[in-house]
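# Remarks on the overall topology
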Amino acid sequence: MAVVYPGSFDPVTYGHLDIIKRSRRKFDKVIVAVLNNPSKKALFSVEERIELLKKATKNMDNVEIDCFTGLLVDYVKGKDISMIIKGLRAVSDFEYELQMALMNNRLNTDIETFFLMTGSEYSFLSSSLVKEVAKFDGDISQLVPKEVELAMKEKNLIK
Ligand code: PNS
């Protein structure tokens, strides 16, 4: 069975990679789908985010990187897939994720959302916090893959 793991991935973190690695052990194929949302200001362009994800997953043969616009359920259905994977970090994620899962299921009752609890070592981690830490020259080497750290240096976000 193939699944879609959607998100902003601005940029990909070790928390995302934890979900990807664990999903690929349980499913035949994992499509990591980057939302292309021009109205949301992002640090990395969709192309850059895709490139970083491709580098971070280069040894994972059943992982594919893609992007989508519009409704997630339409994208998932277009791929002939009926399962969405999401990571849950803390109780604070729950309410928003529940809303999205219920809305997606209402939009298309064939599509279910499966939640994986993020590994405890990454339960505090988010792309926004990584950007915040990097902006003030904090050490992000334990939070994101090397290529993401380098890309953030290129954006002059860290020294
Ligand atoms: O990494 P994020 O920002 O938490 O990911 C959120 C994402 C991309 C999964 C969500 O915003 C989404 O699916 N957007 C697509 C638009 C859509 O389908 N909205 C209705 C869902 S309730």
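Starting afresh in each chain, residues are numbered from 1 along the sequence in its written order. Given that the model is predicted, a residue must reach a pLDDT of at least 70 before its local features are reported, and side-chain atom pairs must reach 80 or more before they are shown or counted; all residues, however, enter totals for whole chains, interfaces and linings. Note: side-chain values were computed over all heavy atoms of the structure, leaving out hydrogens and water.

Take the overall build of the chain next. Secondary structure is summarised from DSSP: a helix means a run of H or I of at least four residues, a strand means a run of E of at least two, and numbering begins at the N terminus for each. Within the chain, the regular secondary structure consists of 6 helices and 5 strands. Taken over the C-alpha trace, the chain has a radius of gyration of 15 Å; the compact-globule value for 159 residues is 15 Å, and the two agree within 12%. Projecting the C-alpha coordinates of the chain onto the three principal axes gives extents of approximately 50 × 35 × 30 Å. Note on classification: 1.4 Å probe, protein chains only; a residue is buried when its accessible area is under 20% of the maximum for its type, exposed when over 50%, partly exposed between these limits. Counting every position in the chain, which comprises 159 residues, the buried fraction comes to 45%. Positive and negative side-chain charges of the chain, numbering 23 and 23 respectively, have mean locations separated by a distance of 2 Å. In this setup the radius of gyration rests on C-alpha atoms only. A globule is expected at 2.2 Å times the number of residues raised to 0.38. Positive charge is attributed to Lys and Arg, negative charge to Asp and Glu, and no charge count is given to His or to the chain ends. Here the site of a charge means atom NZ of a Lys, CZ of an Arg, CG of an Asp or CD of a Glu.

Looking now at the environment of Leu-35. With respect to the secondary-structure elements, Leu-35 resides in strand β2 (residues 29–35). Leu-35 gets classed as partly exposed once you look at its relative accessible area, which sits at 25%. Taking the C-alpha atoms as reference points, Leu-35 and Glu-121, 86 residues apart in sequence, are found 26 Å from one another. Contacts are residue-level and defined by heavy atoms, with any inter-residue pair within 4.5 Å sufficient. Sequence-distant contacts of Leu-35, defined by excluding residues within four places in its chain, comprise Gly-7, Val-46, Arg-49, Phe-68 and Gly-70.

The next thing to look at is the pattern of salt bridges. The salt bridge criterion pairs a side-chain nitrogen of Lys or Arg with a carboxyl oxygen of Asp or Glu, the two atoms within 4 Å. Tallied over the full model, the rule gives 10 salt bridges. Two residues, Glu-48 and Lys-155, come together in a salt bridge whose shortest N-O distance is 3.1 Å. In this pair, Glu-48 is assigned in helix α2 (residues 46–56) and Lys-155 in the segment after α6 (146–154), connecting sequence segments 107 residues apart. When its relative accessible area of 31% is taken as the criterion, Glu-48 is described as partly exposed. A salt bridge links Lys-79 to Asp-66, with the nearest nitrogen and oxygen atoms 3.4 Å apart. Note that Lys-79 is positioned in the loop between α3 (72–78) and β4 (83–88) and Asp-66 in strand β3 (residues 63–68), a separation of 13 residues in sequence. Residue class for Lys-79 comes out partly exposed when judged on its relative accessible area of 33%. Residues joined in a network through salt bridges with shared partners are Asp-10, Arg-49 and Lys-131.

Attention now goes to unusual backbone geometry. Backbone torsion omega between Asp-10 and Pro-11 reads 5°, so that peptide bond is classified as cis. Tracing the backbone shows Pro-11 in the loop between β1 (2–7) and α1 (14–26). Of note in this structure, Asp-80 is not a glycine but carries a positive phi near 60°. Mapped onto the elements of the fold, Asp-80 is located in the loop between α3 and β4. A residue is classified by how much of its surface remains accessible, and Asp-80, at 73% relative accessible area, is exposed. For Asp-137, which is not glycine, the phi dihedral falls at a positive 65°. Counting through the fold element by element, Asp-137 comes out in the loop between α5 (127–135) and α6.

Looking now at α5. Buried within α5 are the following residues: Ser-127, Val-130 and Ala-134. Relative to the axis of α5, the buried residues are bounded by an arc of 55° and lie together on one face. Where α5 is buried, its residues touch α1 and α6. One or two residues past the end of α5 sits Asp-137, with phi positive at roughly 65°. Regarding the arc, it is the one traced by the directions from the helix axis to the C-beta atoms.

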